[in-house]
Amino acid sequence: MILIFLGPPGAGKGTQAAHIVSSRAIPQLSTGDMLRAAVAGQTPVGIQAKAVMDAGKLVSDEIVAAIVEERIEEDDCAGGFLLDGFPRTLAQAEMLDAMLRKKERVLDAVIELRVDESALMSRLRSRIAETKARGEEVRKDDNEETFKKRLEVYKEQTAPLIPYYEKQGKLKVVDGMGSVEAVSAAIDAILDEIRP
Ligand code: ADP
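Here the structure is a predicted model, which is why all the values come from computation and not from measurement.

## Remarks on the sheet that holds strand β2 (residues 28-30)
Moving on, step 1. Sheet architecture is open: five strands sit in the order β2-β3-β1-β4-β5, paired in parallel fashion. Each edge of the open sheet carries a strand with a single partner, namely β2 and β5 (171-175). Taking each pair of neighbouring strands and ignoring which way they run, the sheet shows an average axis angle of 25 degrees.
Moving on, step 2. Relative to strand β3 (residues 81-84), β2 runs parallel, the two being bridged by three bridges.

## Remarks on the site of the ligand
Moving on, step 1. Within the structure, the ligand sits among 18 residues, and T31, K57, G85, Q92 and R150 are positioned closest to it.
Moving on, step 2. One of the backbone N or O atoms of G85 is found 2.8 Å from a nitrogen atom in the ligand.
Moving on, step 3. For the ligand, an oxygen atom lies 3.3 Å from a polar atom in the side chain of R139.
Moving on, step 4. Relative to its free-state accessible area of 550 Å², the ligand is covered by the protein chains to the extent of 95%.

## So, the side chain of D141
Moving on, step 1. Tracing the backbone shows D141 in the loop between α6 (117-133) and α7 (144-158).
Moving on, step 2. Separated by 2.9 Å, the side chains of D141 and R139 make a polar contact.
Moving on, step 3. Not counting residues within four places of it along the chain, the set of residues in contact with D141 comprises M53, T146, F147 and R150.

## Considerations on the pattern of salt bridges
If the charged atoms of two oppositely charged side chains come close together, the side chains can form a pair.
Moving on, step 1. As enumerated under the stated definition, the model contains 19 salt bridges in all.
Moving on, step 2. For R36, the salt bridge identified is with D33, shortest N-O distance 2.9 Å. Here the residue R36 and the residue D33 both occupy positions in helix α2 (residues 31-40), the gap between them amounting to three residues, near one helical turn.
Moving on, step 3. When its relative accessible area of 44% is taken as the criterion, D33 is described as partly exposed.
Moving on, step 4. A network of salt bridges, in which partner residues are shared, links R127, R139, D141, D142 and R150.

## Some remarks on the nonpolar core
Moving on, step 1. Counting residues in each nonpolar core, the largest one holds 30 residues, and the members touching the most others are F81, L83, F86, L96 and Y165.
Moving on, step 2. Looking at this core, the elements with two or more residues in it are β1 (2-6), α2, α3 (44-54), α4 (61-71), β3, α5 (90-102) and α8 (161-167).
Moving on, step 3. Filtering out sequence-adjacent residues up to four positions away, Y165 remains in contact with I4, P87, A93, L96, L107, V110, K170 and L171.
Moving on, step 4. Ranked by size, the runner-up nonpolar core spans 24 residues in total, among them A17, L120, L151 and I190.

## Considering the environment of G14
Moving on, step 1. Positionally, G14 belongs in helix α1 (residues 13-24).
Moving on, step 2. Along the primary structure G14 and K50 are separated by 36 residues, whereas in three dimensions their C-alpha atoms are 21 Å apart.

## Description of unusual backbone geometry
Moving on, step 1. Looking along the chain, the bond that leaves F86 and enters P87 is cis, with omega of -10 degrees.
Moving on, step 2. In this fold, P87 is placed in the loop between β3 and α5.
Moving on, step 3. Despite not being glycine, Q42 shows a phi value in the positive range, around 50 degrees.
Moving on, step 4. Structurally, Q42 is set in the loop between α2 and α3.

## A closer look at the packing of α6 against α7
Moving on, step 1. Direction vectors running N to C along α6 and α7 enclose 140 degrees, while the axes themselves pass 11 Å from each other. Judged by the inter-axis angle, α6 sits oblique to α7. The crossing of α6 and α7 is right-handed. Contacts between α6 and α7 involve E117, L120, M121, L124, R125 and R127 from the first element and E144, F147, K148, R150, L151 and K155 from the second.

## Looking at helix α9 (residues 180-194)
Moving on, step 1. In this model, α9 (15 residues) spans 21 Å end to end at C-alpha, consistent with the 21 Å of a helix rising 1.5 Å per residue.
Moving on, step 2. Among the structural elements, β1, α1, β4 (109-114) and β5 are those in contact with the buried residues of α9.

## Quick notes on the environment of I47
Moving on, step 1. Topologically, I47 is positioned in helix α3.
Moving on, step 2. Judged by its relative accessible area of 61%, I47 falls in the exposed class.
Moving on, step 3. A C-alpha to C-alpha distance of 38 Å links I47 and G169, two positions 122 residues apart in sequence.

The rules we used
- Residues numbered from 1 in each chain as written.
- Predicted model: local features only at pLDDT ≥ 70, side-chain atom pairs only at ≥ 80, totals over all residues.
- Heavy atoms only, no water.
- Pairing = 2+ DSSP bridges.
- Helix = DSSP H or I, 4+ residues; strand = E, 2+ residues; numbered from the N terminus.
- Axes fitted to C-alpha atoms, helices over the stretch in contact; angles between N-to-C directions.
- Near = heavy atom within 4 Å.
- Polar contact = N/O pair within 3.5 Å; in protein donor to acceptor, adjacent residues only side chain to side chain.
- Areas by Shrake-Rupley, 256 points an atom, 1.4 Å probe, with all protein chains shown as cover.
- Contact = heavy atoms within 4.5 Å.
- Salt bridge = Lys/Arg side-chain N within 4 Å of Asp/Glu carboxyl O.
- Buried < 20%, exposed > 50% of the residue type's maximum accessible area, 1.4 Å probe, protein only.
- Core = buried A, V, L, I, M, F, W, Y, C linked by side-chain atoms within 4.5 Å.
- Parallel < 35°, antiparallel > 145°, perpendicular 65-115°, else oblique.
- Left-handed = near helix turned anticlockwise from the far one by under 90°.
- Expected span 1.5 Å × (residues − 1).

And the structure:
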């Protein structure tokens, strides 16, 4: 099963992705995580991406698409995968369509986690507090100012993917305002419908 997770920063994609990974046994491909690993490893991509990411802006479509293309060739993706954080622009969506066509694979669904914008900032504040409480380092782009920028970028560049996938008949909207369990149950219901 090939799935895309769509939603603004703070919508709960990471939390729900973990649920899908365990219930459907497909890997989660988070471009954010992959890019952060590249930054930490100081690879050429990481060195290039660092400043852009710290500012809450988007890494170039070509770089991200190349990372994804390479990753989905790996054995663990043979039975499907969950894309989290990609595509993030219309150009990336078109690149993904071309990639899947070339590999003769089919996208099953795009799950949009819909959350009130007013809830996002308070979710960010809790995430920062929880991360600190665990004694872990807070992500460099997890501060209120950069978060606002990420939200703006989402609205401008990523939200247009919603009508794009709606036209393809792939879009499934999930109410992301419920409890973690309620959102997971709503996602399970959708996935069961696609593939029981
Ligand atoms: P969020 O929690 O806001 O969804 P991610 O962890 O997915 O953030 O991504 C963090 C940062 O990594 C983004 O702000 C962006 O700079 C970069 N990034 C991740 N995925 C992409 C992508 N598909 N295209 C461009 N940049 C990306």
